[in-house]
Structures are given as C-alpha cells and as structure tokens.
Amino acid sequence: MTKTEFIKELHRIGAIKFGSFVLKSGITSPFYLNLRLIVSHPQLLKSISSLITQSLPLNISYDHLVGVPYAGIPIASCLAVDINKPLLIPRKEEKAYGSKDAIIGEFAAGEKCLIIEDIITSGESILETADNLKNHGLKIAGAFVVIDRRADQDNFESRNGFPLFALFNIEEVVSVLFEDSLISKAQKEEINEFLKSSAIPASNEDTLQFSNTLTEKLSTLMGSKQTRLVLSLDVEDSNTFFDILEKTGNEIALLKTHIDILKDFEPSFITRLQEMSQKYNFLIFEDRKFADIGNTVRHQYQGGVYNISDWAEFVTVHMIAGEHILNGLFDNIQNRSSFLLAKMSAKNNLISENYTRKVLEIGKKYSSVVSGFIGHGANAEEIAKLKKKIPKGFLLLMPGVQIDSKGDSLGQTYLSPESAIKGGADAIIVGRGITHSSNPLEAAKRYREASLI
Ligand code: S5P
C-alpha cells in the first residue's frame, strides 16, 4: 500500500473525518483524527508498520521500540515484529509511575529507545513517556509518529533534546484527500485557515461530550470568541450597568448579574439586556444562588419580579438543601442550566471537602441541568486539586479573581487570573477588577488576555 492509498483508507474507515468537531478547549475544529480505529483493521496495521519501516531514519540507532499508551502500542508492536526489535510498554496508570514495573519489558540503563506514537498534537504524551523512560535510566534516540498535526512544527529537537520523525503531516493528508475529491476546495481552505490560526490540537482525546447543550454552547463560544472572561457586573443603577456593558461586551463570553442589586430595575431592563447579549454575543448568568426547598426556589426562579428563568441561561445553586432543589428549579422548563457552588472565595466559609465532593457527585447526576461548578482555591495547586475531581464535560468557573488586590474588608479573597487558569479554571469571574477600574474596557482586555494563557 502506498502512502496515498493509506491516507484514503484512513478516511474510508473514519479515522480521519471532516465536519465540525468541538474540542475540549471549546474550539471548533473542521477535522478529527482517531487512529485508534486501526486496531480493528489488521491489514491497515500491517501497512502502517511497513510504511514506517520504509521511512525509519537510518542515521539513528536504538535498542528498543516504545509504544506510547494506548494508541502507540499496537503500532509499535507490529513494527517490533517486522523489524525484529524488542518492545517496551510504559504503563499508563499513575500509580505505577516511577516504580520498577512501570515499564513492561526487559531493559538495562543506558539503552536507547525510539518512541512510537499515532499522532503528535501538543507533544505532551511523547514528552511524558520520554521522562518516564529517562527516570528509568533509558536514553531517547527519537520519536516517530504517524501524523504530525502540530500547528508549530519547528524546533522539536532543540527544545526537547531528541529528533521527531513523522510519516505525514496534516497538510499532506488534506492535499491527498483533496486531490481525490474526498474533500471540497472550501473544506481544504477552511482546514488550512484553521491550522494557520490555531495551535489547538484535534485528536480524539480532545473531543468532549459536554454535560448539556448549554455547556457546549458556552464552551464553544469561549473558543470562537477567544475569551474565558466572565464579567460580574455588580452595579446599582442601570445606566452604569449598560455603560460598562457597551464597553466590555466584546471581551466576555458570559455576563454574570445580581439582578436584585439594581435600584432602578424595571422589565425593560431585561429587553435591553437581551439586545446586548445578541449584539455582543455573550450568554447570561444570574448569580441568584438558590438555596431553599424545591417548591420555594421554583417560585423564586420562575416568578416574582424578576422571572429569572425567562432570560438567564444559567443560575447558581447552593446544594445545602440537597439535590431536589434542582428538580424544583428545572423539572418543568427547558434549555436552562446551572453552576453549583463547590468551593467559595469567602474567607472562613463553611464548605468542607466532603461537602464539595457531594456537590460534584450531584452535579454529575444532574448533568442535563448542571454546566459546571463555581470553585476557588488559595493557589494554583489547590485549584488544580479541585479541577482534577471535576467530572469530564463540566466547567469550572472561578470567582475571587483580581490582579491588583488580595481581598476586600468583607472577607472576599482574590487570586490572580494566571493562577486561576494555571490551576485549570475554564473561566475567570471578575467583578470589581473591571467595574471599579477607571477604564473598564482596558481592564476587561487585560483580564481577557490573562484568561487565555
Ligand atoms: O465564592 C464565590 C462565588 C461567587 S459566584 N465568590 C464570589 O465572589 N462570587 C461572586 O463573584 C460574587 O457574588 C461576586 O458577584 C463576584 C466577585 O466579584 P468581585 O468584585 O469580588 O470580583
């Protein structure tokens, strides 16, 4: 099988797809790669091994092939048989890391490895495997991948200390499929444009099932608008409210309100708010923090002066009264979602580890009406610890974020946007850092930029 035939086969079995795919990052990618599918096609596995054999660099020597778990393992196994080289398999399980049996196979310190992987996206899994091997006294001769789809394909060796080889890069894949009319000119251009503008990878590990369609909508919006900033517009009069919103609307993905703070609320406020959300393309999040029995919160949410469920895509919910609060809020309405308070930024708050764990469990159970969690931590490490526990497909929004302050006199505590994002927050919620700034637009830009690192 030639390289061209092989690419077409990958397309035929659905290992390369074109369309619209939402990545974990929220960005929509026009293509999708899933080479794991080849394990169901032994003929293709054979071809991949023979194509790699023909392309193996002759100027490097190595004692072992190493398959990156999981997708690299079948490829490396076939290759090991074909070229008669011993195989090593690092375990993926975290607990084995660093221990003696963390690598399956016989080896001695100082021996050299060629790492085999299906797709390189950010390079993270190859580098992790390389570190693991080095920790066991092994040396890295190089890495070989089937498809290189990195946006930035330069300087791998100078950055990481070993060379990278690839059977194809994504541009070659696209041009083969285009020449065979398997994709249109418009699709080809869209992909090239995407590759130019994006450093975000598109492998199957990056596609994600979101908890519900509103979670997906928000996540996609953060990707397409390139902002992870939630503005908390806690001001008392509507003129100031709309004045700040006109200035900052382009910078945010989500607007958070405390509607009951407004002194001059009237129903026309909502009409104007909705117009602004259309004009500047943001979603609306009323931070009402419901906390009562199901029957009461239903009235508070779906009635009263504010009729919150009419206009806010998201609300916040305290789980202190237990899961039935979510039935009370959402059972009789559609297309509305919430964020559950998992950890608060207020000093000496009463939320315990156990409470947080239970909130996350309930959120997971009620995924159709829960988009994620509000969480805070004293530093990036604490946030990372929380983030690790958050079920896949849910978002972590972090309030208590400010660049120039550590807290206020009423118990609020702040962390920098960098720490929030570094810890894994999917979005930062910023109030006074923007609303109290003499130049809200500049402040919003600053937080937006910091939210994207
Ligand atoms: O733990 C929390 C949860 C929330 S939703 N800590 C918070 O500060 N918030 C909200 O985020 C709070 O109600 C306010 O609207 C915003 C933070 O505002 P800032 O002015 O302190 O940034």
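Everything discussed here concerns the structure shown above.
Every value quoted in this text rests on a predicted model; they were computed, and no experiment measured them.

### Brief notes about the side chain of Gln402
Item 1. Within the fold, Gln402 resides in the loop between β15 (395-398) and α16 (417-423).
Item 2. Here the side chain of Gln402 touches Tyr414 through a polar contact of 3.3 Å, side chain to side chain.
Item 3. In this view, Gln402 contacts Tyr414, Leu415, Ser416, Pro417, Arg432, Gly433 and Tyr447; residues no more than four positions away in its chain are not counted.

### Concerning the pattern of salt bridges
Item 1. Throughout the structure, instances matching the rule amount to 18 salt bridges.
Item 2. Across the pair Asp148 and Arg150 runs a salt bridge, and its minimum N-O distance is 2.8 Å.
Item 3. Since its relative accessible area comes to 5%, Asp148 is described here as buried.
Item 4. With a shortest N-O distance of 3.0 Å, Asp408 and Arg432 are connected by a salt bridge.

### A short note on the environment of Thr28
Item 1. Note on placement: Thr28 falls in strand β2 (residues 28-33).
Item 2. By relative accessible area, which is 32% here, Thr28 ends up partly exposed.
Item 3. Linking Thr28 and His64, residues 36 residues apart in sequence, is a C-alpha distance of 38 Å.
Item 4. Those residues in contact with Thr28 that lie beyond four places of it in its chain are Ser20, Phe21, Val22, Phe194 and Thr220.

### Observations concerning the pairing of strand β10 (residues 254-257)
Item 1. Every second residue of β10 is oriented toward a common face, with Leu254 and Lys256 on one face and Leu255 and Thr257 on the other, all of them buried.
Item 2. One ladder, built from three bridges, connects strand β9 (residues 229-232) with β10; its direction is parallel. Its bridge partner being in β10, Ser232 is matched across the sheet by Lys256.
Item 3. Between β9 and its parallel partner β10, the chain crosses via helix α9 (residues 238-248), and the hand of that crossover is right-handed.
Item 4. Pairing between β10 and strand β11 (residues 283-290): four bridges, direction parallel. The partner of Leu255 across the bridge, within β11, is Ile284.
Item 5. Once you follow β10 into helix α10 (residues 268-280) and on to β11, the crossover reads as right-handed.

### A few points about the sheet that holds strand β14 (residues 370-374)
Item 1. Ordered by their spatial adjacency, eight strands build a closed barrel running β9-β10-β11-β12-β13-β14-β15-β16, and the pairing between neighbours is parallel. Taken pair by pair, the neighbouring strands of this sheet meet at an average axis angle of 30°, ignoring direction.

### Structural notes on the side chain of Ser451
Item 1. Mapped onto the fold, Ser451 is located in helix α18 (residues 440-451).
Item 2. Of the polar contacts made by the side chain of Ser451, one reaches the backbone nitrogen of Arg228; its length is 3.1 Å.
Item 3. Those residues within four positions of Ser451 in sequence are excluded, and the remaining contacts are Thr227, Arg228, Leu229, Ile421 and Ile428.

### Side note on the packing of α9 against α10
Item 1. In contact at an axis separation of 11 Å, α9 and α10 are set at 5° when each is read in the N-to-C sense. Relative to α10, α9 is oriented roughly parallel. In this structure, α9 uses Ser238, Phe241, Phe242, Leu245 and Glu246 to contact α10, whose residues at the interface are Phe269, Arg272, Leu273, Met276, Lys279 and Tyr280.
Item 2. Here the contact of α9 with α10 is composed, by residue class, of seven nonpolar, one polar and three charged.

### Remarks on helix α4 (residues 124-135)
Item 1. Between its terminal C-alpha atoms α4 stretches 16 Å, which fits the 16 Å expected from twelve residues at 1.5 Å a residue.
Item 2. Gly137 occupies a position one or two residues after α4 and carries a positive phi of about 85°.

### Quick word on the pairing of strand β6 (residues 112-120)
Item 1. Burial analysis of β6 places eight of its nine residues in the buried class, which makes it a mostly covered element.
Item 2. The sheet contact formed by strand β3 (residues 64-67) and β6 spans four bridges and is parallel. Residue pairing in the sheet places Leu65 in a bridge with Leu114 of β6.
Item 3. Between the parallel elements β6 and strand β7 (residues 139-148), the chain passes through α4 in a crossover that is right-handed.

### Looking at the sheet that holds β7
Item 1. Strand order in the open sheet formed by six strands is β5-β4-β3-β6-β7-β8, and the pairing between neighbours is mixed. Two strands bound the open sheet, and with one partner strand each, they are β5 (103-104) and β8 (164-169).
Item 2. Relative to β8, helix α6 (residues 170-179) is tilted by about 20°, and along the sheet it contacts β7 and β8.

### Quick word on α18
Item 1. Helix length check: α18 (twelve residues) gives 16 Å between terminal C-alpha atoms against 16 Å at 1.5 Å per residue, within 8%.
Item 2. Check the buried side of α18 and you find it contacts α8 (213-225), β9, α9, α16, β16 (427-430) and α17 (432-435).

Calculation criteria
Residues numbered from 1 in each chain as written. Predicted model: local features only at pLDDT ≥ 70, side-chain atom pairs only at ≥ 80, totals over all residues. Heavy atoms only, no water. Helix = DSSP H or I, 4+ residues; strand = E, 2+ residues; numbered from the N terminus. Polar contact = N/O pair within 3.5 Å; in protein donor to acceptor, adjacent residues only side chain to side chain. Contact = heavy atoms within 4.5 Å. Salt bridge = Lys/Arg side-chain N within 4 Å of Asp/Glu carboxyl O. Buried < 20%, exposed > 50% of the residue type's maximum accessible area, 1.4 Å probe, protein only. Pairing = 2+ DSSP bridges. Right-handed = clockwise from strand over helix to strand, strands pointing away. Axes fitted to C-alpha atoms, helices over the stretch in contact; angles between N-to-C directions. Parallel < 35°, antiparallel > 145°, perpendicular 65-115°, else oblique. Nonpolar A, V, L, I, M, F, W, Y, C, P; charged D, E, K, R; others polar. Expected span 1.5 Å × (residues − 1).

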